[in-house]
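# Examination of the molecular architecture
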2 protein chains.
Amino acid sequence: MTAKNKAAVEKMQQTHRDWEEADYAGPCPVRDVLDRIGDRWSVMVVLRLSGGPIRFRALLRSVDGISQRMLTTTLRALERDGLVDRTVFDTRPPAVEYSLTPLGESLLDPLSLLAEWAMDHHEQILKARKNFDK
Amino acid sequence: MTAKNKAAVEKMQQTHRDWEEADYAGPCPVRDVLDRIGDRWSVMVVLRLSGGPIRFRALLRSVDGISQRMLTTTLRALERDGLVDRTVFDTRPPAVEYSLTPLGESLLDPLSLLAEWAMDHHEQILKARKNFDK
DNA sequence: CAGTATCCGGCTCGATACTG
DNA sequence: CAGTATCGAGCCGGATACTG
């Protein structure tokens, strides 16, 4: 582990301890963010939105396997947290465009690193699983 | 977004497209890793383990709110994926130590960045929520 | 097109009790 | 101490039908 990571981990642990001791009303930030992006679809949606503004129906098609209901729910949650912007065009039929806010864009930073880790180590993980299962 | 991130995002998107087109047997790596660390406890456990080897009972105490069942389940899943090592000492009463494997250590890298993002932007998220709810 | 409404099956997870 | 076994509530999320 690099020195930079070590510092980050320590910061994270310290924050977690502080949260426990101080008995805050709100949730631990790490827990909170993890709960948000840890669901089945959020990351995939954010990923698609990183390509620029896109309409509801197009998103529905491009995020593989997602239902209409879950796309709506996911987008609403992301909008609520200030990660996504929703723009309604008053046309017939109605058009709605979704895009990342600057806050949402900033999330691409850690997310892309995580995705890279996933891609770089996926083989190793699959191997470990196969070995464990026998 | 920095050029480095842009490249990472594009790599992620490309990988995702490849996966869809190729109809692989296995899951998309990003989905797969997200499913694994996206659960309620994995990240918190990995975080605790970053402090060095620790025994089951100590982990149970230090990961706030986790049940015995979920700690066992979570540790087993992490072990299966090759992120965690389990060492049994043949004493009375028995002692078991858990620690991160090199692969697990490498996960601290993206995880710490994500945690930092969470801590740095939590306030902004809470504000966005409050504003959205009214 | 972009949603909302309703229904409901499955799976996660917590509580509790028990074992080597 | 370090687990496993069993049960059951809750909620996540899919399917389907309907609306402005």
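Residues numbered from 1 in each chain as written. Chains lettered and ligands numbered in written order. Predicted model: local features only at pLDDT ≥ 70, side-chain atom pairs only at ≥ 80, totals over all residues. Heavy atoms only, no water.

## Focus on the pairing of strand β3 (residues 95-100) of chain A
All names here are of chain A. The element β3 is largely enclosed, with a buried count of five among its six residues. As paired strands, strand β1 (residues 54-55) and β3 are joined by two bridges and run antiparallel to one another. Bridge pairing in β3 places R55 opposite E97. For strand β2 (residues 84-89) and β3, the ladder comprises six bridges, and the chain directions are antiparallel. In the strand pairing of β3, F89 is matched with A95. Hairpin connection between β2 and β3: a loop of five residues separates the two successive antiparallel strands. (Buried < 20%, exposed > 50% of the residue type's maximum accessible area, 1.4 Å probe, protein only. Helix = DSSP H or I, 4+ residues; strand = E, 2+ residues; numbered from the N terminus. Pairing = 2+ DSSP bridges.)

## Here we look at the interface of chain A and chain B
Listed per partner, the contact involves 66 residues of chain A and 66 residues of chain B. Around 6400 Å² of area is buried between chain A and chain B when both sides are counted, 65% of it from carbon and sulfur atoms. At the junction of chain A with chain B, the criterion picks out eight salt bridges. Of the charged contacts in the structure, one is a salt bridge between R80 of chain B and D133 of chain A, with a shortest N-O distance of 2.5 Å. Counting every contact that joins chain A to chain B gives 15 residue pairs in polar contact (both at pLDDT 80 or more). Looking at the side of chain A that touches chain B, the elements that each hand over two or more residues are α1 (3-22), α2 (29-37), α3 (42-49), α5 (68-80) and α6 (102-133) of chain A. Top contributing element to the side of chain A that touches chain B by residue count: α6 of chain A, with 26 residues. Grouping the amino acids of the side of chain A that touches chain B by side-chain chemistry returns 31 nonpolar, 14 polar and 21 charged. (Contact = heavy atoms within 4.5 Å. Buried area = accessible area lost by both parts, 1.4 Å probe. Salt bridge = Lys/Arg side-chain N within 4 Å of Asp/Glu carboxyl O. Polar contact = N/O pair within 3.5 Å; in protein donor to acceptor, adjacent residues only side chain to side chain. Nonpolar A, V, L, I, M, F, W, Y, C, P; charged D, E, K, R; others polar.)

## A few points about the packing of helix α3 (residues 42-49) of chain B against helix α5 (residues 68-80) of chain B
Residues and elements named next belong to chain B. Between α3 and α5, the shortest axis-to-axis distance is 10 Å and the interhelical angle comes to 75°. Considering their axes alone, α3 and α5 lie roughly perpendicular with respect to each other. Contacts between α3 and α5 involve S42, V45 and V46 from the first element and L71, T74, L75 and L78 from the second. (Axes fitted to C-alpha atoms, helices over the stretch in contact; angles between N-to-C directions. Parallel < 35°, antiparallel > 145°, perpendicular 65-115°, else oblique.)

## So, the relation of the copies chain A and chain B
Taken as rigid bodies, chain A and chain B are interconverted by a rotation of 180° and an axial shift of 0.0 Å, the fit giving an RMSD of 0.1 Å. The transformation just described matches what one would write down for a two-fold rotation axis. Taking the C-alpha atom as reference, chain A places G38 of chain A closest to the rotation axis, 2.2 Å from it. When you check the interface residues of chain A against chain B, 100% turn up at the interface there too, and the contact is symmetric in its surfaces. (Least-squares fit on C-alpha atoms with pLDDT ≥ 70 in both.)

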